[in-house]
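Residue-level structural notes
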Amino acid sequence: MSENIQTAAFFALVLVFEVLERVRPAREVDRWKDLKIDVFSFALAIAMNRLSNYTVTGFVNATAPAWMLGGWHALQGLPGGVRIVMAIFLVDFMIYWIHRAQHRFDPLWRTHAWHHSIEQLYWFSGFRTSFLHSFIYNIPQAAVPMLVFNLSPLEAGLGYSIGILIQFWEHTNIDVNIGPLKYLIITPAYHRVHHSTAHSRTNFGTTFSLWDRLFGTYHDPALVPATAPLGLGEPYDKKRMARMLVGV
Ligand SMILES: [Zn+2]
Ligand SMILES: [Zn+2]
């Protein structure tokens, strides 16, 4: 059931963002240039997501003590909607630090470099993540909703769909102004700063802009020219592509 919701949500989002990118593009993008690579990478990411989800879920079920699996008592009584929002918040905080560590430590950077090889951002390109990258991010994404917030598979599916929405949204090529909401959530322009060659050590946040502002890594998108080059600063070595895809 929850997998059907995820699939339906996914295709609805493809349609919405495809249209919005045609109506209000932020930059000129050649969608055909890296399409083959991105389709391949996307298929890998999906396979990895499924695989790690089952692995993490199985591992947690097998090893976590019963009191933990049952959720914390104070949290357990909260309505499903509140628990979903709290789970998103906590997972986002954890991923902020994982992401920062990926830019700090070389073995972790290897899991993330493939994502930064993107030179043209549009909704599909954002799914370019290495095998290990998907696995690492799936650990908090799968474990927190279940362990801490005791979400049902349906609620977790909903939370997961919101996560997919954000991944789409932040990588879209839309010129959009969301008003004061930009102080709360990340915009495509905000995340484009992180993908720029010159400022990749800023704007690590994935969902909320709070963490970057709080921990001193915020860079105002208005200060970065719209033509700032994206990517690693040099074309990736094609001979290393297999390793980059795996993330080692
Ligand atoms: Zn990054
Ligand atoms: Zn990205």
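Cut-offs applied
Residue positions are given per chain, counted from 1 along the sequence in the order it is written. As a convention, the first chain written is A and the first ligand written is 1, with the rest following in written order. In view of the model being predicted, local features appear only for residues whose pLDDT reaches at least 70, and side-chain atom pairs are presented and counted only at 80 or more, with totals across whole chains, interfaces and linings using the full set of residues. Side-chain metrics rest on all non-hydrogen atoms present in the structure, leaving aside hydrogens and water. Exposure above 30% relative accessible area and no salt bridge define the residues that can form patches, which grow by joining like charges within 9 Å and nonpolar side chains of Val, Leu, Ile, Met, Phe, Trp and Tyr within 5 Å. The method behind every accessible area is Shrake-Rupley, applied with a 1.4 Å probe, and residues are considered shielded solely by the protein chains displayed. The term salt bridge refers to a pairing of a side-chain nitrogen on Lys or Arg with a carboxyl oxygen on Asp or Glu at a separation within 4 Å. Counting from the N terminus, the helices are DSSP H or I runs at least four residues long and the strands are E runs at least two residues long. Only protein chains enter the accessibility calculation, which uses a 1.4 Å probe; a residue whose area is less than 20% of its type maximum is buried, one above 50% is exposed, and one in between is partly exposed. Polar contact is the term for a pair of N or O atoms within 3.5 Å; when the atoms are in protein, one must be able to donate a hydrogen and the other to accept it, and sequence-neighboring residues count only if both atoms are side-chain atoms. In what follows, residue pairs with any heavy atoms lying within 4.5 Å of each other are defined as contacts. Donor criterion used throughout: N, O or S atom within 2.8 Å of the metal, extended to 3.2 Å for Na, K and Ca. Water excluded; incomplete-looking sites may result. Square planar and octahedral sites, with four and six donors, are those where opposite donors lie more than 155 degrees apart and all other angles lie between 65 and 115, tetrahedral sites have four donors with every angle between 85 and 135 degrees, and the rest are irregular.

**Re a nonpolar patch on the surface**
Taken together, the side chains of F89, W97, L210, L214 and F215 define a hydrophobic patch exposed on the protein surface, amounting to about 450 Å² of accessible area. Broken down by secondary-structure element, the contributors of at least two residues to the nonpolar patch are α5 (80-104) and α10 (210-214). With respect to the element layout, L214 can be found in helix α10.

**Considering unusual backbone geometry**
Even without a glycine there, the phi angle at N150 is positive, about 50 degrees. Inspection of the secondary structure assignment puts N150 in the loop between α7 (131-147) and α8 (153-171). For N150, a relative accessible area of 29% corresponds to the partly exposed category. Although it is not a glycine, N203 sits at a positive phi angle of roughly 50 degrees. In this fold, N203 is placed in the loop between α9 (188-195) and α10.

**Overview of the side chain of H116**
By secondary structure assignment, the location of H116 is in helix α6 (residues 106-116). You can call H116 buried: its relative accessible area is 2%. Here the side chain of H116 touches H103 through a polar contact of 3.1 Å, side chain to side chain. If near-sequence neighbours (up to four positions away) are discounted, H116 is found in contact with H99, H103, W109, H194, H195, S200, G231 and L232.

**Structural notes on the coordination of the zinc ion (ligand 2)**
Taken together, the protein ligands of the zinc ion (ligand 2) are H115 (NE2), H171 (NE2), H191 (NE2) and H195 (NE2), with distances of 2.1 Å. Classification of the site at the zinc ion (ligand 2) as irregular follows from its four donor atoms and the range of 92 to 158 degrees in their angles at the metal. Sequence positions of the donors to the zinc ion (ligand 2) reduce to the motif H-x55-H-x19-H-x3-H. In this pair, H115 is assigned in helix α6 and H191 in helix α9, connecting sequence segments 76 residues apart. When its relative accessible area of 5% is taken as the criterion, H115 is described as buried.

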